[in-house]
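Reading the structure
Chain residues, written in single-letter form:
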Amino acid sequence: MTPIATSNGAAREASGGRPRILIPEKVSPDGLAMLKPHFDVDVRLGMTPEELISQIPGYHGLIVQSETKITEGVLAAGKKLRVVARAGVGVDNINVPEATSRGIIVVNSPSGNILAAAEHTIALLLATARNIGRADGSLKQGGWERSKLVGIEVGRKVLGIVGLGKVGMNVARMAKGLGMQVMAVDPYANPDMARQAGVDLASSLHEILPIVDFLTIHTPLLATTLDLVGQEEFKLMKKTARVLNVARGGVYNEAALLKALDEGWIAGAGIDVFTSEPPAADSAAGLIAKHPKVVATPHLGASTIEAQENVSIDVCTQVLEILRGGLPTSAVNAPIILPEEYRKLQPFVQLIEKMGRLYMQHFVRSKGGLVGGRTFELVYHGDLAGMPNTKPLYAALVKGLVASFSETHVNIVNAALIAKEKGIKISETHSHQPGEQTYANLVTLRAHADDGSGQQTIEGYASGKRLYISKLDRFSATFSPEGTMIILHNYDEPGKIGGVGMVLGSHGINIRFMQVASLDPELKGAEAGAVKENEALMILGIDRPVDEKVMEGLRKSEGVLDVVLVQL
């Protein structure tokens, strides 16, 4: 598997080289300018499928539009791929299930071309109403066919919209501005928003078909929307009705649409998308494109300067974030992270990964323990407990736990699969009990032995961009989990700090920070005979890694019970 990590620096190769991004289609330079300072960006237009497969093994990111097919073969060859970005909305040209199985994040830009698609729908609506295509072609051929090209007015006509999402709602508002009556079919539409926009909601497609003068569909192409309108549906429509498609080829059955036009079941169509692009000349799509009752455009719904800039900036921003260890905002194969969620989660993604790494180095590696046979519990407190999407936090813990014994990269797409493969059991708890913690956003990591033999605990919180560990097992602390640290379990007695300082100083090691973590007050006196009240942890941040000779010198210091080297 080649998924992405959730920590900064994740996409860098072991050799220290910069991540590489391949762009085989034209993408607005505004987005690319964001990537070039950080990554090696190769724009190679016109690549054949064979060339793509041969070149993709060297790349960490891939940005495409609609023409490049990202097949199973491409994804299998892309051993380093962490993200595939579609500069647009539809991902029909990307094998999303295969990408998911390989832990590759697929992102798109669902909002960058909303206005462009809505405007193009209205353009086709008006063009079909007034026979613009035929009139333009006739005039260019020297004709003057005014009497043959009488159109209709759109004011007071009924527009039916299937799919009242962002594009559909924009189309509705524009149509209302033209004086049209708008009806919509969408089981998930917000009735209040529809009412405010002046849209009448219908319960089914068949309910509106006999009523509408124009029909437009704005849905993704799914099993439930493939061939949504076929012969049966066309026969229910007015003979004067016209259909529009700026969504995805295939929502109208193309053979049925061709027959509906030839038989006069409907009056015309405005079509921007086809099942195969460009359509073959003798196919149903090709015949529709050349039909005299059709205004056809070559997939121009998102082809405005502004839309191309928007989607380029959007997906390049996501690629930048992902390859630097951040979170996607429009992942197709992972939960969508809203911007406000992103801002709140990002420091905790880093914190929880560090907690996982700290657990492995402090409790497991140094003491010869195992991750297996334990169940990990993440407990979210305060405002964090109310976050609806915590999958990035789950993924961060998996990343932290596996980082010390595996090169596997982890992200929100494949975290659960990797945890299962590694035998890591993780539960999540959202604690809403008021007044139970000191900090507004606290995370508790507990490791429970399956045989009931014991529990280990790490707690941490974020304050702005600073991360802190507030509890390490039985000891209360406040230190930043960063860099190289030495954690000494000792008896807190006079002279202890000086003795440790002498050992490190004799080896030329500088101490960046030091903190003494005392025994949790709740344990003092509660476990008489089991612990001594002056037990403590001495946490030292040092300026460089140390060798075993230094560690052995610290272990021999009087009153030192254990010494652990941690690198975060």
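Residues numbered from 1 in each chain as written. Predicted model: local features only at pLDDT ≥ 70, side-chain atom pairs only at ≥ 80, totals over all residues. Heavy atoms only, no water.

Per an unreviewed UniProt entry, the chain goes by D-3-phosphoglycerate dehydrogenase and derives from Trichoderma citrinoviride. Per its UniProt entry, the chain bears the Sequence similarities (unreviewed entry) comment "Belongs to the D-isomer specific 2-hydroxyacid dehydrogenase family." Heading Pathway (unreviewed entry) of the UniProt record for the chain holds this comment: "Amino-acid biosynthesis; L-serine biosynthesis; L-serine from 3-phospho-D-glycerate: step 1/3." (UniProt positions renumbered as here; feature names shortened; annotations may be inferred.)

Let us now look at the sheet that holds strand 19 (residues 484–491). The 10 strands are arranged 14-13-15-16-17-18-20-21-19-22 in an open sheet whose pairing can be described as mixed. Since the sheet does not close on itself, it has two edges, and those belong to strand 14 (425–430) and strand 22 (560–567), each with one partner. Each strand of the sheet is rotated relative to its neighbour by a mean of 20°, with strand direction disregarded. As judged from the 2 bridges shared by strand 18 (residues 475–479) and strand 20 (residues 511–519), these two strands associate in the antiparallel manner. Residue pairing in the sheet places serine 476 in a bridge with serine 518 of strand 20. Those strands touched by helix 15 (residues 391–402) are strand 13 (374–380), strand 14 and strand 15 (442–449), and its axis lies near 140° from that of strand 13. Against the sheet, helix 17 (residues 496–506) contacts strand 19, strand 20, strand 21 (535–542) and strand 22, and its axis sits at roughly 35° relative to strand 21. (Pairing = 2+ DSSP bridges. Helix = DSSP H or I, 4+ residues; strand = E, 2+ residues; numbered from the N terminus. Axes fitted to C-alpha atoms, helices over the stretch in contact; angles between N-to-C directions. Contact = heavy atoms within 4.5 Å.)

Next up on the list: unusual backbone geometry. Outside of glycine, negative phi angles account for most residues, and trans bonds account for most peptide bonds. Here the amide bond leading from glutamate 277 into proline 278 is cis, since omega sits at -5°, within 30 degrees of zero. Inspection of the secondary structure assignment puts proline 278 in the loop between strand 11 (268–271) and helix 12 (284–289). You will see that arginine 156, though not glycine, has its phi angle at about 70°, which is positive. Within the secondary structure layout, arginine 156 lies in the loop between helix 6 (132–140) and strand 6 (158–162). On the basis of relative accessible area, arginine 156 is assigned to the exposed category, the value being 68%. At aspartate 227, a residue that is not glycine, the phi angle is positive and equals roughly 55°. Position of aspartate 227 among the secondary structure elements: in the loop between strand 9 (214–217) and helix 10 (231–236). (Buried < 20%, exposed > 50% of the residue type's maximum accessible area, 1.4 Å probe, protein only.)

This paragraph deals with the packing of helix 17 against helix 18 (residues 548–555). The N-to-C vectors of helix 17 and helix 18 enclose an angle of 160°; their axes lie 10 Å apart at closest approach. For the element pair helix 17 / helix 18, the angle class is roughly antiparallel. Helix 17 and helix 18 meet at a crossing whose hand is right-handed. Contacts between helix 17 and helix 18 involve Val500, Val503 and Leu504 from the first element and Val550, Gly553 and Leu554 from the second. Partitioned by chemical class, the residues of the contact of helix 17 with helix 18 number 5 nonpolar, 1 polar and no charged. (Parallel < 35°, antiparallel > 145°, perpendicular 65-115°, else oblique. Left-handed = near helix turned anticlockwise from the far one by under 90°. Nonpolar A, V, L, I, M, F, W, Y, C, P; charged D, E, K, R; others polar.)

It is worth spelling out the environment of leucine 519 at this point. Tracing the backbone through its elements, the reader meets leucine 519 in strand 20. The exposure class of leucine 519 is buried, given its relative accessible area of 1%. In this structure, the C-alpha to C-alpha distance between leucine 519 and glutamate 535, residues 16 residues apart in sequence, is 6.3 Å.

Let us look at the packing of aromatic side chains. Following the criterion strictly, the structure yields 4 aromatic pairs and no others. With a centroid separation of 5.3 Å and an interplanar angle of 40°, the aromatic rings of tyrosine 359 and phenylalanine 363 are classed as tilted. Here the residue tyrosine 359 and the residue phenylalanine 363 both occupy positions in helix 14 (residues 339–365), the gap between them amounting to 4 residues, near one helical turn. With respect to class, tyrosine 359 is no different from phenylalanine 363; both count as buried. Judged by centre distance (5.2 Å) and plane angle (85°), the rings of tyrosine 359 and phenylalanine 376 are edge-to-face. Remark: phenylalanine 376 occurs in strand 13 and tyrosine 359 occurs in helix 14; sequence separation between them is 17 residues. Across the pair, exposure class does not vary: tyrosine 359 and phenylalanine 376 are buried alike. Through pairs of rings, three or more aromatic residues link up here, namely Tyr359, Phe363 and Phe376. (Phe/Tyr/Trp six-rings, centres within 6.5 Å; stacked < 30°, edge-to-face > 60°.)

Our next topic: the sheet that holds strand 1 (residues 20–23). Two orientations exist for strands paired in a sheet by backbone hydrogen bonds: parallel and antiparallel. Taken in spatial order, the 5 strands of this open sheet run 2-1-3-4-5, and their pairing is parallel. The sheet terminates laterally at strand 2 (40–43) and strand 5 (105–107), the two strands that pair on one side only. Each adjacent strand pair in this sheet contributes to an overall mean axis angle of 15°, direction not counted. Direction of pairing for strand 3 (residues 61–64) relative to strand 4 (residues 83–86): parallel, over a ladder of 4 bridges. Its bridge partner lying in strand 4, isoleucine 63 is registered against alanine 85. Its contacts with the sheet place helix 13 (residues 305–323) against strand 1, strand 3, strand 4 and strand 5, and it is angled at close to 170° to strand 4.

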